[in-house]
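For reference, the chains in residue letters:
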Amino acid sequence: MSKVVSLLKVLLKNSFKSSKGKKQKSGVAIIAFIAIFFVFYVYTYTNIGIDYLSTLGMERFVPAVSYVLVCIITISMSFSKTKNMLFDSKDNDLLFSLPLTKNQIFLARMLNVLIWNYFYTVLIFFACSIFYGIRLGMDVKYYLISLILTIFVPLIPTAISVLIAYLIALVTHKLKNSKVVETVFNFLIAIFVFALIYFAEAVVMKMINYQDKIAKFMSTWGIIIKSLHKSLIAFDLKYLVLFVSVSVVLFLLVSLIFGKSYKNIILNKSKSRKLLKKGKVEYKRNSVFNSLLLKEFKTYFNSSIYVYNTLFGVVLLVLMAVASLFGADSILGSLDMGEDLISIPAILLIMISFIISMSNTCASTISIEGNKFWILKTMPVKFKEIVNAKVALNMLLVVPISILCAIVLAFSFGISSLNMCLISLYVAMLCMFCAYLGVIVNLKFPKMHWKNDSEVVKQSMSSFICTFVVMIGVMILSGVALALTTIIDFNIIMLILNSLLIISILILKIIINKKGIKMFRNIEA
């Protein structure tokens, strides 16, 4: 066990390794701000959930619902990351040459995944349980049990995400287009989760209609949820022991069973890659910009988690645009807008803004180079051309599809042509702003020494800051814009927003031109 702990320490040290000095302090401050924001977000929706379920006489199920939500989010958000951490790490050859068993390596990596998944557990389940206890005036015993449950809550969803990652690796390791298969599977799972959340109210109503069947399910297959509910609400210790025992046993079983053939899958995966790389190589002559842009496309599509993490929002927008052609009224109804046509352009603006903030390839564009960064650094090309190619990748992936979807949504919702043109311009400007901001932040917080793609795309300081800071900024600006639609013409609001974005883009370009080259040269791969 001591070897597992030692290996886990090394894995965690590498995962949380960051810059020192002012960079580290500023990064910690930003993370603290984002954490506070999300705690407030959970507090708001916990109260909304309590109020809604109170009308149905089901408020006691709020902690159980938060547990189910944690399981769904953990599985959907971590199985692709889990696959990268377990099977696609660069240090596989080194680890398997050490005096460690394959089960020890597998368990250490599973524990590494588990620790990352505590992020969702603490921010959702634990925070929700605390706010629920405060709202209903629970005693000290409740908070103590909540703390104990928080320790064991992520075990089962982590085991399930490991199982899914293992099956994906098993199926795709011999496929030529394995990255495509992985990306499609990631999108399907995420779309299923969003559909479940979208139809959450209908699901709750179905649950009410089938209470007897649900009770029967809870007493058999749903024993995990029942155990958590009984231990937290009824303070029944035997159910607490049952929940902890089942969670630990399932986690260890996955580790022991899949750890046996763990090395074989990694070795077969490595052999398959070498075989697929054989073949003829053709060279074509291109301009500097086209060559750099082609390199960016190859780097981007070579990572399924990179594609999934940055294009998922665009896929959602496409689905929404298609759905609006067949049921615009139902979409408006789900947003509780009724016939308020004045707010429709503002609502459309908010939706598109959120999606663009989720689709920033530039947040990881420097870090994804990894140990190949020295090639980019020593190439006889201008720094400006490198930045332009990276920004162009983001623009080409997001802007055309987003504008097309905006046109479709505008047609479905009956928005005027002028509104549509201004929103389309806003889409292009916001995408460019996010791209340049991503380049600056990634130059400031590069993560060049990583073992797998997920460390850069999902766990790096740069991607974290770009995603959530832009998202929070979009929420504030969109909220202000929505409030102003009652007193100021929407077209004037759009002109102001577009002007602010253009000014911001010019400022970011000045920063990149003056300080970016120095930051770029100081990065050590």
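Residues numbered from 1 in each chain as written. Predicted model: local features only at pLDDT ≥ 70, side-chain atom pairs only at ≥ 80, totals over all residues. Heavy atoms only, no water.

A. Representation of the overall build of the chain within the structure. A tally of regular secondary structure across the chain gives 22 helices and zero strands. In the chain, which comprises 525 residues, the share counted as buried stands at 48%. A fraction of 86% describes how many contacts in the chain between residues 6 or more apart in sequence connect residues 24 or more apart. Only carbon and sulfur atoms are counted for the fraction: they give 70% of the accessible area of the chain, which is about 26,600 Å². (Helix = DSSP H or I, 4+ residues; strand = E, 2+ residues; numbered from the N terminus. Buried < 20%, exposed > 50% of the residue type's maximum accessible area, 1.4 Å probe, protein only. Contact = heavy atoms within 4.5 Å. Areas by Shrake-Rupley, 256 points an atom, 1.4 Å probe, with all protein chains shown as cover.)

B. How the structure looks around helix α14 (residues 288-301). Compared with an ideal rise of 1.5 Å per residue, which puts 14 residues at 20 Å, α14 spans 20 Å between its outermost C-alpha atoms and is within 8% of the ideal. Every buried residue belonging to α14 is among L292, L293, E296 and Y300, and all of these are buried. Burial along α14 is one-sided: seen end-on, the buried residues are contained in an arc of 100°. (Expected span 1.5 Å × (residues − 1). Arc of directions from axis to C-beta.)

C. Local environment of the environment of L482. Along the chain, L482 falls in helix α21 (residues 461-484). The class of L482 is partly exposed, set by a relative accessible area of 29%. The spatial distance from the C-alpha of L482 to the C-alpha of I350 is 8.6 Å, given a sequence separation of 132 residues.

D. Summary view of the packing of helix α16 (residues 344-357) against helix α19 (residues 417-444). As a packed pair, α16 and α19 sit with axes 10 Å apart at the nearest point and diverge in direction by 20°. In terms of axis orientation, α16 runs roughly parallel to α19. The element α16 and its partner α19 pack so that their crossing is right-handed. Taking contact as the criterion, the partners of P345, L348, L349, I352, S353 and I356 in α16 are, on α19, N419, I423, Y426, V427, L430, C431 and C434. For the contact of α16 with α19, the residue count by class is 11 nonpolar, two polar and no charged. (Axes fitted to C-alpha atoms, helices over the stretch in contact; angles between N-to-C directions. Parallel < 35°, antiparallel > 145°, perpendicular 65-115°, else oblique. Left-handed = near helix turned anticlockwise from the far one by under 90°. Nonpolar A, V, L, I, M, F, W, Y, C, P; charged D, E, K, R; others polar.)

E. Spatial organisation of empty space enclosed by the protein. Here the structure, examined in full by the defined rule, presents four cavities of 30 Å³ or more. Of the volumes computed, that of the second largest cavity is approximately 80 Å³. For the lining of the second largest cavity, the element with the most residues is helix α18 (residues 383-413), which contributes four residues. Here the lining of the second largest cavity is composed, by residue class, of four nonpolar, two polar and two charged. (1 Å grid on protein atoms, 1.4 Å probe; cavity = no way out; pocket = protein on both sides within 12 Å on 5 of 7 lines; lining within 4 Å. Points joined across faces, edges and corners; volume = space filled by probe spheres on them.)

F. Structural context of the nonpolar core. Ranked by internal contacts, the top residues of the largest apolar core, which has 84 residues, are I352, I356, V391, I423, F433 and M494. Per-element accounting of this core gives the leading share, 17 residues, to α19. With sequence-adjacent residues up to four places away left out, I423 is seen in contact with P345, L348, I352, A406, F490 and M494. Counting residues in hydrophobic clusters, the runner-up holds 53 residues, among them F96, A108, V153 and A159. (Core = buried A, V, L, I, M, F, W, Y, C linked by side-chain atoms within 4.5 Å.)

G. Geometry of a nonpolar patch on the surface. Taken together, the side chains of V249, L250, L252, L253, L256 and I257 define a hydrophobic patch exposed on the protein surface, amounting to about 510 Å² of accessible area. Inspection of the secondary structure puts I257 in helix α12 (residues 237-259). (Patch = residues over 30% accessible without salt bridge, like charges linked within 9 Å, V, L, I, M, F, W, Y side chains within 5 Å. Salt bridge = Lys/Arg side-chain N within 4 Å of Asp/Glu carboxyl O.)

H. Broad picture of the packing of aromatic side chains. Applying the stated rule across the entire model yields 12 aromatic pairs. Geometrically, the ring pair formed by Y43 and F131 is edge-to-face, given 5.0 Å between the ring centres and 75° between the ring planes. In this pair, Y43 is assigned in helix α2 (residues 22-55) and F131 in helix α5 (residues 102-136), connecting sequence segments 88 residues apart. On the basis of relative accessibility, which here comes to 40%, the residue Y43 falls in the partly exposed class. (Phe/Tyr/Trp six-rings, centres within 6.5 Å; stacked < 30°, edge-to-face > 60°.)

I. Structural view of α5. When the terminal C-alpha atoms of α5 are compared, their 48 Å separation across 35 residues agrees well with the 51 Å that a helix rising 1.5 Å per residue should span. Two residues or fewer past α5, G137 is found with a positive phi of approximately 65°.

Shape is all these values report; function is a separate question.
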